[in-house]
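# Topology and contacts: notes
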Amino acid sequence: MAVAAVVVDHDAGPLLEVCVRSLLGDGADPVVVVENGAPGSAAAALEEAPAGPIRIVRPGCNVGFGAGVNRGMAALAGEASSPEWIMVCNPDLVIHPGALAALQKALQTEHAWALVGPRIFTETGGVYPSVRNFPSFTDAAGHALLALFSPGNPFTLRYNPGTPAGDAVTEAGWVSGSCFLARRSALEELGGFDESYFMYNEDMDLCWRAHNAGWGVGFAGTAEVTHVQGVSTARHPYRMMVAHHRSALRFTCRTTKGWRRAVLPLAALVLGARMVMATVRLAVSS
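What you are looking at is a predicted structure, and each value in this text was computed from that prediction instead of being measured.

## Overview of the packing of helix H9 (residues 237-255) against helix H10 (residues 264-285)
Look at H9 against H10: their axes get within 10 Å of each other, and the N-to-C directions meet at 160°. With respect to each other, H9 and H10 are oriented roughly antiparallel. Crossing angle aside, the handedness with which H9 passes H10 is right-handed. Every residue of H10 that contacts H9 at Pro237, Tyr238, Met241, Val242, His245, Ala248, Leu249, Thr252 and Cys253 is listed here: Leu264, Ala267, Ala268, Leu271, Arg274, Met275, Ala278, Thr279, Leu282 and Ala283. Counted by class, the contact of H9 with H10 contains 15 nonpolar, three polar and one charged residues.

Pasting the structure below:
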């Protein structure tokens, strides 16, 4: 059964062509590219791409990552035979051979999973921590305040225990939205991504809503991709930092219930303090 791919591009340039080429080479059909960047940028980047089922969706402006994925899915919904498997990925990814089949096998085996993420390598060959837990308020606060300077602190380790080793195919709290394979039916049931998240935490929110709706989320170490991180973020680091912390606060507000809502002002203060520390650190290092 064919796997369709949705790639949200924001002026990734030559990296987009490499990503699309790897998707086509691994059997994606079709590949839908959502052009969030400058008008014509996606078509220009794909001039050297191999002939294949490539489509470009042009929202007309940068609608954000989650909204971009939703636009790509909407384009696929018009198909006479809508694909059941949707690969969502960033434009700065390279799909390793066999990754799509391995992710598809995981979902075919685990019928309760809405989506599954692969092992993600950085461009230097390290493993990106793409599999994480939903933190308690205490762990979230401890991670926010300490991770920048002490990544091995116990709060961060509970939130981010590391990617499972080997060929493990296992349940996860949430997986990175930079690359995952999902059931179209599950994404439609969940209403796709929440478009109020412009960037960051939309993946965490999607997985949270999937769990609450009775779906599972998984990780498949049998599938591998390489991610050249931060291509778009590097152009506007301070703007992206603000977006990151704003989205984190939005997620906290939306998922905190009952008496715990009384501590939301404290959460805002913690995230504000973290943003100041991160800004200072970026300014010093640049």
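## Describing unusual backbone geometry
Note that the residue after aspartate 29, namely proline 30, is joined by a cis bond; omega there is 0°. Looking at where proline 30 falls in the secondary structure, it is placed in strand S2 (residues 28-35). One non-glycine residue, tyrosine 200, lies in the positive phi region at around 75°. Take tyrosine 200: its relative accessible area is 21%, and that puts it in the partly exposed class.

## Details of a nonpolar patch on the surface
A contiguous nonpolar patch, built from Phe137, Leu266 and Leu269 and spanning about 290 Å² of accessible area, is present on the exposed surface. As for its placement among the helices and strands, phenylalanine 137 is situated in helix H5 (residues 137-146). Taking relative accessible area as the criterion, phenylalanine 137 reaches 33% and is therefore assigned partly exposed.

## Let's talk about H9
The end-to-end C-alpha distance of H9, which contains 19 residues, comes to 27 Å, matching closely the 27 Å that a straight helix rising 1.5 Å per residue would cover. Three or more residues of H9 are buried, namely Met240, Met241, Ala243, His245, Ser247, Ala248, Phe251, Thr252 and Thr255. Contact partners of the buried residues in H9: helix H8 (202-212) and H10.

## Describing the environment of alanine 168
As for its position among the elements, alanine 168 is in the loop between helix H6 (154-159) and strand S8 (169-171). Each C-alpha atom, one on alanine 168 and one on threonine 222, is 7.0 Å from the other, the two residues being 54 residues apart in sequence. Sequence-distant contacts of alanine 168, defined by excluding residues within four places in its chain, comprise Phe219, Ala220, Gly221 and Thr222.

## A look at the environment of glycine 66
By secondary structure assignment, the location of glycine 66 is in helix H3 (residues 65-77). With relative accessibility at 0%, the residue glycine 66 sits in the buried group. In sequence terms glycine 66 and asparagine 201 are 135 residues apart; their C-alpha atoms lie 9.7 Å from each other. Discounting residues that sit within four places of it in the chain, glycine 66 has contacts with Phe193 and Glu202.

Rules of the game
Residues numbered from 1 in each chain as written. Predicted model: local features only at pLDDT ≥ 70, side-chain atom pairs only at ≥ 80, totals over all residues. Heavy atoms only, no water. Axes fitted to C-alpha atoms, helices over the stretch in contact; angles between N-to-C directions. Helix = DSSP H or I, 4+ residues; strand = E, 2+ residues; numbered from the N terminus. Parallel < 35°, antiparallel > 145°, perpendicular 65-115°, else oblique. Left-handed = near helix turned anticlockwise from the far one by under 90°. Contact = heavy atoms within 4.5 Å. Nonpolar A, V, L, I, M, F, W, Y, C, P; charged D, E, K, R; others polar. Buried < 20%, exposed > 50% of the residue type's maximum accessible area, 1.4 Å probe, protein only. Patch = residues over 30% accessible without salt bridge, like charges linked within 9 Å, V, L, I, M, F, W, Y side chains within 5 Å. Areas by Shrake-Rupley, 256 points an atom, 1.4 Å probe, with all protein chains shown as cover. Salt bridge = Lys/Arg side-chain N within 4 Å of Asp/Glu carboxyl O. Expected span 1.5 Å × (residues − 1).

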